[in-house]
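Residues per chain are reported as follows:
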Amino acid sequence: MATVKSGESLAAERTVGAGGGAQSTSIVGPPRVPLNQIYALPAPIRTFPLPSFYPNNPISLLHLVYAWLKQVLSPPPAEPSVVYVGIWDPDTRSVHVVDPASIRALWEQGFYGKGSLSRSEPNWMKRELARRGSPEGKTVSEVRTEARREERRLAKWERAKTELEAVERQRLAEAAVQSSAVQQDASQSEVNSHLEEAQSTVTTKEDPVTPPIDVADIAPAPAIADIQHPSKEVPRQPGPPVGPAELLALPNSLADLVSKLSLSKTVPDGVSLSTPPNGHVAETGEASALPDNGEKGHPDPLDRSKPIFLPHGLPSPCFTPSKRSAGTPSAEADDEEIQPSKRQKSVRFSPRIESTVFQPAEPPSPSLTEESLPQPSPASKPDQLAVKHTEVEDKEHFQLSPEEAFFLVFALGALKVVDRETGTPIRTERLLSLFRSHSYFPPSASLRPNDPFLVNYAVYHHFRSLGWVPRHGIKFGVDWILYQRGPVFDHSEFGIMVMPSFSRWEEKPHDAPKRTWSWLMGVNRVLSHVLKSLVLVYVDIPPPLEFDDAMQEGGIAAALKKYRIREIMVRRWSSNRNR
């Protein structure tokens, strides 16, 4: 199986000159660690299961006894062996983790949380180092995804260009066939007219010796285009610019076009200038020389007040003024006249890029010139110049949603949430009350069994217990999305919509969410476009009295057992495809 190498493991080639020759050597970095090894643990706890026993294999019995005695005589440490620390932030309604080791552990052991400056995995520091050109920066998934999207965009551009060129060639071929057919019809009609005229002449004359006219002796009449231009080929109509280079080569304005034309001093053969009645300079096919002096009736082609237009109304990109001898009075006058107008749009780009990284603390330097730029010493190496860019402060923190944080605290015991002001740990019951109250906006003091946090946590706890990896699905318009292994292994397969149910309530609450068929069709259409299946998860919420009694008798675990969950998968049915 082929593995993709990261930026650090790619082969680095060096060229060493010895004895007047060049020798190329490649240095291969360490191999990339497999993803199955990095994300081996599905949860931030360790388990020690006993080996399987096979009755037909006596050796399996010995293995089982050995593992059991080992755990009894030398028990493993109590789990969770490591408890991470998070800070509750009521402003963002999330739990923040700032320790780098805790961040990597929570992400690699179950894909909990997300980076505050990243889409999912907290890799802002790596992307920033790579952007600044530091060798410590690594290529992350976002950069590779952007590169693949750019490749697909260029491939689509080339495919569209090829299709347009094929259509243009087909159109020209059809036009040529139609033109030849028209010419043949015209020639045949001319021959018939000559034949009829000859026959009428024969009948009117009384001389019987006049020989008959043979049709084969009559030459076909030439085409109209050949009569007007006997030695000129039919020019091909230029197509619209489709490539990036052709679009960038177009002039920005008429003044820019004339300024580009003024750089050349020659006129193509067979091209002359004439003045139409509207006062604009037009291009014709007659060969004529431009006068050196600005005589009346022959205006100066470099006059900025009169644009240059082709017969079809577009500015001519191939017009160049005539060449004049240097040193003549007319040439000096022309040099004075071809000064660019003040209204001309001029855009200049520096051929040298000084730096691609701009720091906010750097002052602007509009008067900076090449002479005033600090030149690096020849002895300095690129690695030494990039050292100052690697000293970057990590501004990203890790965010845990209330459902993820409470699962780590209540179900696994691998997280301890502390208060932001005092730094004291928050008890589980108090943390549940905070999450329930902050699930409303603004935070509400009246808590009920149908709190948004309790309903969503029941669904999250349900799928986490079954081995799925639930993540927030706001990007796809759903409450949760389910991964079979994790975001680094595959795409999510299902989109979850939480549907509260009040079947055991005597009276349905007035703030119960109402869903319509148009809403259902819209969500299903969005998920079908991203190759996901819609799953409606109905959460049967217990009545308030039943929930309060369970909280008093058995605590949080007994109260959560009162929630019942049912899953229904919704698929789009088509009469043509599902026949």
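Note that residues are indexed from 1 along each chain, following the sequence as it is written. With the structure being a predicted model, the display of local features is reserved for residues of pLDDT at least 70 and the display and counting of side-chain atom pairs for 80 or more, all residues being used for whole-chain, interface and lining totals. The side-chain quantities take in all heavy atoms of the structure and omit both hydrogens and water.

Inclusion rule: UniProt positions are given in the numbering used here, feature names are shortened, and annotations may be inferred rather than shown by experiment.
The chain is annotated in an unreviewed UniProt entry as tRNA-intron lyase of Podospora australis. The Sequence similarities (unreviewed entry) comment attached to the chain in UniProt states, word for word, "Belongs to the tRNA-intron endonuclease family." Quoted verbatim from the Catalytic activity (unreviewed entry) field of the UniProt record, the comment on the chain reads "pretRNA = a 3'-half-tRNA molecule with a 5'-OH end + a 5'-half-tRNA molecule with a 2',3'-cyclic phosphate end + an intron with a 2',3'-cyclic phosphate and a 5'-hydroxyl terminus."

### Observations regarding the overall build of the chain
The condition that has to hold: For helices the rule is a DSSP run of H or I covering at least 4 residues; for strands it is a run of E covering at least 2, with both sets numbered from the N terminus onward. The buried label goes to any residue with under 20% of its type's maximum accessible area, the exposed label to any with over 50%, and the partly exposed label to all in between, with areas taken from a 1.4 Å probe on protein chains only. Only heavy atoms matter for contacts: two residues are in contact if any of them lie within 4.5 Å across the pair. Here the Shrake-Rupley method, with its probe set to 1.4 Å, supplies the accessible areas, and only the displayed protein chains count as covering residues.
A count of helices and strands for the chain gives 16 helices and 15 strands. Within the chain, the fraction of its 579 residues that count as buried is 28%. A separation of at least 24 residues holds for 60% of the contacts in the chain among residues at least 6 apart in sequence. By element, 57% of the accessible surface of the chain is carried by carbon and sulfur atoms, the whole surface being about 40000 Å².

### Remarks on the pattern of salt bridges
Counted only if it meets this: Salt bridges are defined by distance alone: a side-chain nitrogen of Lys or Arg within 4 Å of a carboxyl oxygen of Asp or Glu.
Taken as a whole, this structure holds 15 salt bridges when the rule is applied. With a shortest N-O distance of 2.9 Å, R132 and E128 are connected by a salt bridge. As far as the burial class goes, R132 and E128 line up, both buried. The shortest N-O distance in the salt bridge between E429 and R427 comes to 3.4 Å. Residues joined in a network through salt bridges with shared partners are D89, D91, R420 and E421.

### Looking at the pairing of strand 4 (residues 94–97)
Inclusion rule: One requirement defines pairing of two strands: DSSP has to find at least two bridges between them.
Going residue by residue along strand 4, you find S94 and H96 tucked away on one face and V95 and V97 tucked away on the opposite face as well. In this antiparallel pair of consecutive strands, strand 3 (residues 84–89) and strand 4, the connection spans four residues, and R93 shows a positive phi of 55°. Where strand 4 meets strand 9 (residues 398–400), three bridges bridge the pair, whose relative direction is antiparallel. When the sheet's bridge partners are listed, V95 is paired in strand 9 with L400.

### Remarks on a nonpolar patch on the surface
So the rule is basically this: Patch membership is restricted to residues that have no salt bridge and whose relative accessible area is over 30%. Joining uses 9 Å for like charges and 5 Å for the nonpolar side chains Val, Leu, Ile, Met, Phe, Trp and Tyr.
On the surface, a cluster of nonpolar side chains totalling about 770 Å² of accessible area is made up of L50, F53, L61, V65, W68, L69, V72 and L73. Along the chain, the position of F53 falls in the loop between helix 1 (35–38) and helix 2 (58–73). Residue F53 is classed as partly exposed on the basis of its relative accessible area, which comes to 42%.

### Quick notes on the packing of aromatic side chains
What counts here: For Phe, Tyr and Trp, rings pair up if their centres lie within 6.5 Å, where Trp contributes its six-membered ring, and each pair is then called stacked (planes under 30 degrees apart), edge-to-face (over 60) or tilted (otherwise). A ring is scored as having a charge over it whenever the NZ atom of a lysine or the CZ atom of an arginine sits within 6 Å of its centre and within 35 degrees of its normal.
Counting across every chain of the model gives 16 aromatic pairs. Look at W468 and F494: their rings are 5.8 Å apart centre to centre, the planes differ by 85°, and that puts the pair in the edge-to-face class. Here the residue W468 occupies a position in the loop between helix 14 (452–465) and strand 11 (469–472), and F494 occupies one in strand 13 (residues 494–501), the gap between them amounting to 26 residues. W468 sits in the partly exposed class, given a relative accessible area of 24%. Through pairs of rings, three or more aromatic residues link up here, namely W88, F406, F410, F435, F453 and Y457. When the ring centre of Y112 is taken as reference, the NZ or CZ atom of R464 above it lies at 4.1 Å. A cation sits over an aromatic face here: K532 above F476, 4.8 Å from the ring centre.

### Some words on the sheet that holds strand 9
Within a sheet, adjacent strands bond to each other through the backbone by hydrogen bonds, running parallel or antiparallel. Rules: In this description, a line fitted to the C-alpha atoms serves as the axis of each element, helices being fitted only across the stretch in contact, and the angle between N-to-C directions of two axes falls anywhere from 0 to 180 degrees.
Taken in spatial order, the five strands line up as 5-9-4-3-10 in an open sheet, and their pairing is mixed. Looking at strand neighbours, the two that pair on one side only are strand 5 (114–115) and strand 10 (415–418), the edges of this open sheet. Two elements, strand 5 and strand 9, share two bridges in a ladder whose sense is antiparallel. When the sheet's bridge partners are listed, G115 is paired in strand 9 with F398. Seen against the sheet, helix 12 (residues 402–412) touches strand 4, strand 9 and strand 10 and runs at an angle of roughly 80° to strand 9.

### A word on a positive patch on the surface
How we decide: Charge counting treats Lys and Arg as positive and Asp and Glu as negative, with His and both chain ends excluded. The atom standing in for a charge is NZ when the residue is Lys, CZ when it is Arg, CG when it is Asp and CD when it is Glu.
There is a patch of like positive charges on the surface, built from R32, R119, R144, R148, R149, R152, K156, R159 and K475. Mapped onto the elements of the fold, R152 is located in helix 5 (residues 141–204). On the basis of relative accessible area, R152 is assigned to the partly exposed category, the value being 47%.

### Brief notes about unusual backbone geometry
In this chain, E79 is followed by P80 through a cis amide linkage whose omega measures 0°. Tracing the chain through its elements places P80 in the loop between helix 2 and strand 3. For the bond running from F441 to P442, omega is -5°, close enough to zero to count as cis. Within the chain, F111 stands out as a residue other than glycine whose phi angle is a positive 60°. In this structure, F111 sits in the loop between helix 3 (100–108) and strand 5. Using a relative accessible area of 3% as the deciding quantity, one classes F111 as buried.

### So, the packing of helix 12 against helix 13 (residues 428–437)
How we decide: Reported orientations rely on four angle classes, namely roughly parallel under 35 degrees, roughly antiparallel over 145, roughly perpendicular from 65 to 115, and oblique for the rest. A clockwise turn of the near helix away from the far one marks a right-handed crossing, whereas an anticlockwise turn of less than a right angle marks a left-handed crossing. Classification convention: Asp, Glu, Lys, Arg as charged; Ala, Val, Leu, Ile, Met, Phe, Trp, Tyr, Cys, Pro as nonpolar; all other residues, Gly among them, as polar.
For the pair helix 12 and helix 13, the least separation of the axes is 11 Å and the interaxial angle reads 170°. Comparing their axes, helix 13 and helix 12 come out roughly antiparallel. Helix-helix and strand crossings are classified by hand; for helix 12 and helix 13 the assignment is left-handed. Counted together, P402, A405, F406, V409 and F410 of helix 12 and T428, L431, L432 and F435 of helix 13 form the full contact between these two elements. Considered class by class, the residues forming the contact of helix 12 with helix 13 number eight nonpolar, one polar and no charged.

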